Amino acid sequence: MMRMGIIASAYLGLISSNAIALGFESSPYIALFGFSTAGGFGTRASNPSSPPSNVVRGALAFSGTDLIVPDGGTTPFVAAWPVSPAGFGTRRAGPSTPPAGATVSATESPSGNAVVTGGNTSPYLEAWQYSSGFGTKYANPATAAGALVSGLAFHPSGNYLLSNRSGGVDLYDWSHAGGFGTKRTSPASTSGIQAAWHPSGVDMICHASATDYANALPFSGGSFGTRYANPATALTTSVNTFGFSASGAAVFMANNSAGQPFIAYRYTAGIGYGTKYSDPGTPPTGLTYTTGVSADGAAIFVGQSGTPFINVYGWTDLGGFGSRYANAASPITNSCRAARFLAL
């Protein structure tokens with residue numbers, strides 16, 4: 001699940017204190033909009049003067065006032081800018097020891113003082129200290145990921161890092177002082193883009209087998225327990241990305257099928273799935289790649305392969321999906337592969 005960033009209250013000069021960043025498949029690959037749950041999309045910020053060199057996908061990181069994005073193109077393979085009411089500031093210098101190759105995911109530690117990237121070149125999983133720019137690179141994990149890492153999620157405590165790699169998920173101990181620690185025993189899983197922790201930290205959900213599709217499990221003391229029963233209304237397609245509502249009372253799934261693109265279930269930590277919510281009245285079109293909720297829990301986004309590429313809906317845990325917000329006046333022009341709400 002994506003942790004919400006903290007930014008200036010008059011973000012992009014709008015009344016709203018919220019914003020949304022979108023990563024997509026055509027130049028300039030990153031866009032920043034004002035957004036409020038009361039009014040929806042606001043003004044689109046000017047593009048950064050030094051944009052990413054290729055597709056921005058997976059997850060986006062936010063530390064202090066800096067937006068950090070994976071870059072699937074050329075070195076330094078990761079890009080960062082301060083954001084302010086004026087939009088993008090001057091791009092930060094890349095890390096002195098950059099990622100080994102193209103990156104497809106980024107995240108920050110809960111304290112914001114470390115940034116981790118996942119990529120498609122060994123060692124696949126890399127991390128740096130971060131404070132208004134990249135600092136010292138942490139040692140690579142002693143037990144390498146061994147394959148492309150497409151998703152990253154810190155445990156709410158900051159003591160563990162979950163990574164989605166081709167073929168499964170891995171769990172590492174983590175500390176700010178030492179970085180990567182022991183690689184723990186992980187649950188059975190196949191590939192997916194992004195797993196998610198319950199906000200309480202007591203449960204985790206990730207991609208499962210080709211028949212179960214989702215794997216929700218309890219978590220305590222660095223170990224996973226027995227997986228919860230499948231939902232009564234079964235999934236019918238593989239899941240790209242999971243996310244929980246702000247309260248943890250619902251779980252969302254962005255799916256790899258136009259037939260069941262975006263669904264949600266009621267959820268109770270320590271118990272698992274409840275009933276399925278009704279689908280959104282205006283469902284996404286095409287495949288869906290990324291999902292997340294606003295800081296106040298009142299809006300949820302899903303990035304998709306078809307026009308308009310990003311859908312944002314009102315949300316309540318009691319009633320589920322509300323109305324779809326109107327499209328942005330200056331929309332993105334290709335598949336939305338990464339997104340993140342930024343809120344005061």
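Now for a quick tour of the structure. Along each chain, residues carry numbers from 1 onward, in the same order as the chain's sequence is written. Totals for whole chains, interfaces and linings use every residue, but because this is a predicted model, local features are given only for residues with pLDDT of at least 70 and side-chain atom pairs only at 80 or more, for both listing and counting. The side-chain numbers reported here are obtained from all heavy atoms of the structure, hydrogens and water having been left aside.

### Some points on the pattern of salt bridges
Pairing between side chains of opposite charge can happen when their charged atoms approach one another. This is how it is decided: In the sections that follow, a salt bridge refers to a side-chain nitrogen of Lys or Arg positioned within 4 Å of a carboxyl oxygen of Asp or Glu. Numbering of helices and strands runs from the N terminus, with a helix taken as a DSSP run of H or I at least four residues long and a strand as a DSSP run of E at least two residues long. Throughout this description, buried means an accessible area under 20% of the type-specific maximum (1.4 Å probe, protein chains only), exposed means over 50%, and partly exposed covers the range between.
Scanning the model with the defined rule gives nine salt bridges in all. A salt bridge links K183 to D170, with the nearest nitrogen and oxygen atoms 3.3 Å apart. Note that K183 is positioned in strand β15 (residues 179-184) and D170 in strand β14 (residues 168-175), a separation of 13 residues in sequence. Owing to a relative accessible area of 28%, K183 belongs among the partly exposed residues under this scheme. Residue R184 pairs with D173 through a salt bridge whose shortest N-O separation is 2.8 Å. Of this pair, R184 sits in strand β15 while D173 is found in strand β14, placing the two residues eleven residues apart along the sequence. Residue classification places R184 among the partly exposed positions, given a relative accessible area of 28%. Connected through shared salt-bridge partners, R165, D170 and K183 make up one network.

### So, the sheet that holds strand β19 (residues 223-224)
Sheet strands pair via backbone hydrogen bonds, and the direction of the pair is either parallel or antiparallel. Our working rule: Should DSSP find at least two bridges between two strands, the strands are regarded as paired.
The antiparallel open sheet is built from four strands, whose spatial order is β16-β17-β18-β19. The two strands at the open ends of the sheet, each matched to only one other strand, are β16 (196-197) and β19. Sheet topology note: the strand β18 (residues 214-220)/β19 ladder contains two bridges and is antiparallel. Residue pairing in the sheet places S220 in a bridge with S223 of β19.

### Details of the packing of aromatic side chains
Going by this rule: Stacked, tilted and edge-to-face are the three classes applied to pairs of Phe, Tyr and Trp rings, where Trp contributes its six-membered ring and a pair requires centres within 6.5 Å; stacked means planes under 30 degrees apart, edge-to-face means over 60, and tilted covers the rest.
In the structure shown here, the tally under the stated rule is 26 aromatic pairs. Note on F154 and W174: the rings are 5.5 Å apart at their centroids and 80° apart in plane angle, and the pair reads as edge-to-face. Of the two residues, F154 is situated in strand β12 (residues 149-154) and W174 in strand β14; the sequence distance between them amounts to 20 residues. Among the residues examined, W174 registers a relative accessible area of 6% and is labelled buried. Aromatic side chains Y172 and F180 sit 5.9 Å apart centroid to centroid with 70° between the ring planes, which places their arrangement in the edge-to-face category. Since its relative accessible area comes to 0%, Y172 is described here as buried.

### Here's the deal with the environment of R44
Here is the rule: Two residues qualify as a contact provided that any one of their heavy atoms is within 4.5 Å of a heavy atom in the partner residue. We define a polar contact as two N or O atoms separated by no more than 3.5 Å, with the added condition that, inside protein, one atom must be a possible hydrogen donor and the other a possible acceptor, whereas residues neighbouring each other in sequence contribute only through side-chain atom pairs.
Turning to its location among the elements, R44 is positioned in strand β3 (residues 40-44). Sequence separation between R44 and A31 is 13 residues, and the spatial gap between their C-alpha atoms is 7.3 Å. Contacts of R44, omitting those with residues within four sequence positions, involve F24, P28, A31, L32, F33, S330, P331 and I332. Within polar-contact distance, the side chain of R44 engages the backbone oxygen of S330 at 3.2 Å.

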